[in-house]
Amino acid sequence: MFLITMKVDMLNTKYPMPYLQELGKCFVEILLGTYMLDNDVLSVFIEELEDNCVGALQQAGNVDIVERIILFMLLLEKHAVLKGAIWPLAYIVGPMLAKSFSIIRSSDSPDNVRLLSVAVSIFGPQMIVQEVFIKNRGHYSSKLSYDGDKVGEADDFMQIFKNIFVPWCLQSNSCSTSARLDLLLALLDDEYFSEQWSFIINYVIDRSSSKFQPGLLDADHAATLAMLLEKARDESMKRKVKDDSSHGQGCNAEDWHHEYLESSAIAVSRSLPPFSTSHVQFICSLLGGLTEGRSSFLSRNALILIYEEIFRKLLSFIQVSPFFWVQNAASMLNNDAKICVEFDSSLNIVEIAQFALEILDGSFFSLKTLDGESGLVSGILSAILIIEWECNLSKALDDSLDENSMTKTKARLTIGEYVCAFRNKINVQFLKAFA
């Protein structure tokens, strides 16, 4: 209890950082000395720590307390784990998390989930699973199950990952969704990376089906995948920096490719109204290109197919323009690109064009990767300019148009104004890259 009180006092009082660092070192050295001299004394501390941790995680608004526990683990990492010590996990963190896991899982608290993520980042996925779910399974095996499979029956890393963490971390949207996805990515182990990532994607795709268009991702699962993929891109950068290399698992965009992601993205790009923001986010998260330098999680062939569909949707909007010169321009672009543009006249062409533009807006710099596809890129850029010209012309001729023409042009002005705002964001240097 003295050690806990000392730690709380340290956090509640303002001290210079060098002092805190030295105090933390002394704190861990006391634990190490106790561990080496008398495990029974250390057991008293551990039991007190476990009870305090469980009690803290059950409290609402426990952010400060969770931060204290996280700081404690970081002190152990700095002054013991990085020096090769394994006792902090085996004697302190492992039993503490085993006793707390059922609370962490059920609390829907981002901070509680983050506690587990930090532990995984310090000790590694396999070590945490070994200590928490195998060596200390007695703490929770009677309390926790998924789809009828008790945690206590899982006896290896991949089985626990598939049966416990994937279903939990990919639950429907809630307060802790973002934190749970962070945890899921933290659990990707170098040894099993490809198998784990493939299982995650298969799990989401297999449970997703749109009621509007069978075979298409539903909006909820599309949103989950979009968030996961954006986090995966950040995770890729972290792994590259951590390993100081691009050869480790998950360091390169290609490591995150998956055939189901590609087929789902192509299907979404070819879909028809009604559209959802989640579907736009899903495609953009795969394409990258929101800013320069963001890599794509799709193959070149998939990129081409998706941008061809974007071009086709923009052409469908242009070819039904009330202005003949715009229709003629659409015919010229269509002939040059040799793309078939056929849509049911009952469909909302404005909505279709809006969908295409939103994807383009969120992935524009990915076009730079399509070197050798100048016809497709120039076609898309030409379509943007034509839509903008039509918008400007409609505004200039507003007073001279008859009532029927005004009705048609007003419905299209939303797209024109969107394009004008979008084109203003296009970097001059980017356009020069296609010259």
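Everything discussed here concerns the structure shown above.
Residues numbered from 1 in each chain as written. Predicted model: local features only at pLDDT ≥ 70, side-chain atom pairs only at ≥ 80, totals over all residues. Heavy atoms only, no water.

Enquirer: An account of the overall build of the protein is requested, with residue identities and associated values reported.
Expert: Scanning the protein from terminus to terminus reveals 19 helices and two strands. In the protein, which comprises 435 residues, the proportion classed as buried is 49%. The long-range share in the protein, meaning contacts at least 24 apart out of those at least 6 apart in sequence, stands at 72%. Put simply, the protein shows about 20,800 Å² of open surface, and 52% of that area lies on carbon and sulfur atoms. (Helix = DSSP H or I, 4+ residues; strand = E, 2+ residues; numbered from the N terminus. Buried < 20%, exposed > 50% of the residue type's maximum accessible area, 1.4 Å probe, protein only. Contact = heavy atoms within 4.5 Å. Areas by Shrake-Rupley, 256 points an atom, 1.4 Å probe, with all protein chains shown as cover.)

Enquirer: Could you give an account of unusual backbone geometry, with specific residues and numbers?
Expert: Here the residue pair Pro273 and Pro274 is connected by a cis peptide bond, since its omega of 5° sits within 30 degrees of zero. Non-glycine residue Asp108 carries a positive phi angle of around 55°. Assignment of secondary structure puts Asp108 in the loop between α5 (87-107) and α6 (110-123). The class for Asp108 is partly exposed, based on a relative accessible area of 32%.

Enquirer: I'd like to hear about the nonpolar core, residue by residue, with values.
Expert: Ranked by internal contacts, the top residues of the largest apolar core, which has 127 residues, are Ile92, Val93, Leu97, Phe165, Trp197, Phe282 and Tyr307. Looking at this core, the element that brings in the most residues is helix α14 (residues 300-318), giving eleven residues. Here Val93 is in contact with Met73, Leu76, Pro88, Ala119 and Phe123, once residues within four sequence places are set aside. (Core = buried A, V, L, I, M, F, W, Y, C linked by side-chain atoms within 4.5 Å.)

Enquirer: Which residues make up empty space enclosed by the protein, and what values go with them?
Expert: Using the criterion set out here, one finds two cavities of 30 Å³ or more in the structure. Considering the residues around the largest cavity, the lining is formed by Phe317, Ile387, Glu390, Cys391, Ser394, Thr409, Arg412, Leu413 and Gly416. Mapped by element, the contributors of at least two residues to the lining of the largest cavity are α17 (374-396) and α18 (403-425). A per-class count over the lining of the largest cavity returns four nonpolar, three polar and two charged. (1 Å grid on protein atoms, 1.4 Å probe; cavity = no way out; pocket = protein on both sides within 12 Å on 5 of 7 lines; lining within 4 Å. Points joined across faces, edges and corners; volume = space filled by probe spheres on them. Nonpolar A, V, L, I, M, F, W, Y, C, P; charged D, E, K, R; others polar.)

Enquirer: Tell me about the packing of α6 against helix α9 (residues 177-186), residues and numbers included.
Expert: Where α6 meets α9, the closest approach of the two axes is 9 Å, and the angle between their N-to-C directions is 15°. Considered as vectors, α6 and α9 are oriented roughly parallel to each other. The two elements α6 and α9 cross, and the hand of that crossing is left-handed. Only Ala179, Arg180, Asp182, Leu183 and Ala186 of α9 make contact with α6, whose side of the interface consists of Pro110, Val113, Leu116, Ser117 and Val120. When its residues are assigned to classes, the contact of α6 with α9 shows seven nonpolar, one polar and two charged. (Axes fitted to C-alpha atoms, helices over the stretch in contact; angles between N-to-C directions. Parallel < 35°, antiparallel > 145°, perpendicular 65-115°, else oblique. Left-handed = near helix turned anticlockwise from the far one by under 90°.)

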